[in-house]
Amino acid sequence: MRIKLPKIREIIEAVKALFQGPYTAKFPKEPHVPHPNFRGQYEFNQDKCVGCLACQEVCPVGAISHKDLSDRAGSAKRIMIHYTDICIFCGQCEAACISNHEGIKTSNKWELSFFDRKKESFETIEKELQLCEVCGDPIACKDHLKWISERLGELTYSSPTLYLSRLKNLGIVDDNLVSALKDYGRSDRVKILCAPCRRKTTLTTK
Ligand code: SF4
Ligand code: SF4
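A.B. asks: Which residues make up the environment of Gln-46, and what are the values?
C.D. replies: Tracing the backbone through its elements, the reader meets Gln-46 in the loop between strand S1 (42-44) and helix H2 (54-58). Given 12 C-beta atoms within 10 Å, Gln-46 falls into the exposed group. Spatially, the C-alpha atom of Gln-46 lies 22 Å from that of Lys-118, the residues being 72 residues apart in sequence.

See below:
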């Protein structure tokens, strides 16, 4: 039987490998540094995310979720949750993110193993929520209302909910100036309202 001799290119590669060592990383003995373009685990950006939930809508596997929490003192927050153990790295969330595709982004994090699934299989961020000043239901995250008003420009002033939340954000409107009356009528017109309360105050003639 005739033995096939190696080609010159293969011999050169073999000699190079003798001096350079193996191509594979020596992880975990040495830390592995991924390529700059490596598409690793997706992560929220607390400062860029506005809590709009567009990413939750498009995620094909339900890896993004949220919880809205409020207390009796009137403060409320939206907890955005990314379940890293079921994420399939498809990038739909980043593509749909209204915040310049920066609210959730791929990172170069590649070492994804963990010991405790209940504690380590997700990441969360918190966004402050704006509540309706009549019924107390969540309207949207404060950063999302700010994002909308920035895009609307002067049209923001056609919506009391938008301009009042903007003025409060800037510290111009004092919370204590808001009327304590809740009659779903004229006294409630200039308040931060959810859509059902806005409809009631518009249709009521009190
Ligand atoms: S990368 Fe894909 S699977 Fe993972 S959170 Fe984003 S949309 Fe969902
Ligand atoms: S801003 Fe981006 S990351 Fe944040 S909830 Fe909206 S789509 Fe998701």
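That was the structure; now back to the text.
A.B. asks: Please set out helix H7 (residues 195-203) residue by residue, giving values where relevant.
C.D. replies: What H7 keeps buried is the set Cys-197, Arg-198 and Thr-201. An end-on view of H7 places all buried positions within 105° of arc, on one side of the element. Exposed side chains of H7 directed beyond 90 degrees from the buried face belong to Ala-195, Arg-199 and Leu-203.

A.B. asks: Explain the pairing of strand S5 (residues 122-131) residue by residue, including any values.
C.D. replies: Pairing geometry for strand S3 (residues 76-83) and S5, over seven bridges, is antiparallel. Opposite Met-80, over in S5, you have Ile-125 as the bridge partner. Where S5 meets strand S6 (residues 138-141), three bridges bridge the pair, whose relative direction is antiparallel. Across the sheet, the residue bridging to Gln-130 is Ala-140, located in S6. If you look at the hairpin formed by S5 and S6, you'll find six residues sitting between the two strands, and Gly-136 has a positive phi there, around 85°.

So, how was this worked out
Residues numbered from 1 in each chain as written. Chains lettered and ligands numbered in written order. Predicted model: local features only at pLDDT ≥ 70, side-chain atom pairs only at ≥ 80, totals over all residues. Helix = DSSP H or I, 4+ residues; strand = E, 2+ residues; numbered from the N terminus. Buried ≥ 20, exposed ≤ 12 C-beta atoms within 10 Å, placed from the backbone. Arc of directions from axis to C-beta. Pairing = 2+ DSSP bridges.

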